[in-house]
Amino acid sequence: MGSAGMSILRLTFLGTSAAQPTLHRNLSGLAVKANADLLLFDCGEGSQRQMVRFGTGFTVDAVFFTHFHADHYLGIIGFLRTLGMMGRDTPVQLYGPPTARRLLNQAVHLGVESLSFPVEIHELRDGDIVKRRGYSVQAVAVDHRINALGYVLQEEERPGKFNLETVKALGVPSGPLYGQLQRGEPVELPDGRVVRPEEVVGEPRPGRRLVISGDTRPCASLVRAAKDADLLIHESTFSDDEQARALETRHSTAREAAQVAREAGARRLILTHLSSRHDTEPARLLAQAREEYKGPVEVAFDGLTVDLPLRD
């Protein structure tokens, strides 16, 4: 039988601007509530203020960095200081592509002799998987100017649906025996009959799949990673008329992000990491994306909160 998966998978966009903050958009940051865990994906400058503003809380278990351009990681310095002042004593896990140990070690110790809690730094490469309770996070190599990763958060399979009518028809008394069957354990009835879980529980249901592109050109590795994803969050720094700039800086246009979503068969697309040129007027990006991808698509804004529903 599969695991119980997760009851909550909630995303809060802390920052949706590219390269520089604007009046309306902070630098890159995404908070993900995965059951009891709170994860950050990137931590641009000002992320901790956004966490206060949008009520995510500070009980962060791990931070996953897509790459080490300044707008994606410098916020970790102040964030760790704040955790120390709040009296944290449990470890924080930091993950990122190679150079993570050198750069994050510098950031951890900048301006302070020591923290009150352990900080454990891990370098990830393409295909590496971090297993957590009920889900995993996998690193995916992407195409940017420097070593960069996208991430796939994959929920474990969830148990199949429990058929209450069948259970009752088989004469299983309500109570603890129901729980045994749902956990995949056979039960023996008072009359000696044995009821097996496969008689009353359906096929395991697939877990949810969240894919985060980070900064990248469209690439085959991300298309593969986003296959049948419940949600693809893809950078869309530029519009069609900025294609040359997208190529030069190794970023994507909104149209290209939508092409990735279409090729992957992703169920939903959210565009983020917008150039300041599109700060308050992202309608053109949205229109261009919709020409390529017919599923639900929207442009993220700071404070956008998304709850990913369970799959049937």
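Residues numbered from 1 in each chain as written. Predicted model: local features only at pLDDT ≥ 70, side-chain atom pairs only at ≥ 80, totals over all residues. Heavy atoms only, no water.

**Focus: empty space enclosed by the protein**
Enumeration according to the criterion identifies 1 cavity of 30 Å³ or more in this entry. Lining the largest cavity are 19 residues, and of these S28, D42, I212, I233 and T272 sit closest to its centre. The greatest single-element share of the lining of the largest cavity, amounting to 3 residues, is contributed by strand β13 (residues 231–235). Within the lining of the largest cavity, the residues separate by chemical class into 5 nonpolar, 11 polar and 3 charged. (1 Å grid on protein atoms, 1.4 Å probe; cavity = no way out; pocket = protein on both sides within 12 Å on 5 of 7 lines; lining within 4 Å. Points joined across faces, edges and corners; volume = space filled by probe spheres on them. Helix = DSSP H or I, 4+ residues; strand = E, 2+ residues; numbered from the N terminus. Nonpolar A, V, L, I, M, F, W, Y, C, P; charged D, E, K, R; others polar.)

**A closer look at the pattern of salt bridges**
Enumeration according to the criterion identifies 21 salt bridges in this entry. A salt bridge links D228 to R267; the nearest nitrogen and oxygen atoms lie 3.2 Å apart. Of this pair, D228 sits in the loop between α8 (220–225) and β13 while R267 is found in the loop between α10 (254–264) and β14 (269–272), placing the two residues 39 residues apart along the sequence. Connected through salt bridges with shared partners, the residues D240, R255, R262, E291 and E292 form a single ionic network. (Salt bridge = Lys/Arg side-chain N within 4 Å of Asp/Glu carboxyl O.)

**A look at the packing of helix α3 (residues 75–85) against helix α4 (residues 100–108)**
Helix-helix packing: each pair is described by the crossing angle between the helix axes and the interaxial distance. One can describe the packing of α3 onto α4 by two numbers: an axis separation of 9 Å at closest approach and a directional angle of 50 degrees. Our classification of the angle between α3 and α4 gives oblique. Seen along the crossing, α3 lies across α4 with a hand that is right-handed. Seen from α3, the contacting residues are I76, I77, L80 and R81; seen from α4, they are L104, A107 and V108. In terms of residue class, the contact of α3 with α4 is built from 6 nonpolar, no polar and 1 charged. (Axes fitted to C-alpha atoms, helices over the stretch in contact; angles between N-to-C directions. Parallel < 35°, antiparallel > 145°, perpendicular 65-115°, else oblique. Left-handed = near helix turned anticlockwise from the far one by under 90°. Contact = heavy atoms within 4.5 Å.)

**Describing the packing of α10 against helix α11 (residues 283–292)**
At a closest axis distance of 8 Å, the pairing of α10 and α11 adopts a crossing angle of 30 degrees. Classified by chirality, the crossing of α11 by α10 is right-handed. Here A254, R255, A258, Q259 and R262 of α10 come into contact with α11, specifically with L285, Q288, A289, E291 and E292. Broken down by class, the residue content of the contact of α10 with α11 amounts to 4 nonpolar, 2 polar and 4 charged.

**Here we look at the pairing of strand β5 (residues 92–96)**
When you tally the buried positions in β5, you get 5 out of 5 residues, the bulk of the element. Of the two faces of β5, the one carrying V92, L94 and G96 and the one carrying Q93 and Y95 are both buried. Judged from the 3 bridges that link them, strand β4 (residues 62–64) and β5 form a sheet pairing that is parallel. Note that in β5 the partner of F64 across the bridge is Y95. In this sheet, strand β6 (residues 119–123) lies alongside β5 in parallel orientation, the contact comprising 5 bridges. Paired with Q93 across the two strands is E120, which belongs to β6. (Buried < 20%, exposed > 50% of the residue type's maximum accessible area, 1.4 Å probe, protein only. Pairing = 2+ DSSP bridges.)

Just distances and angles here, no functional claims.
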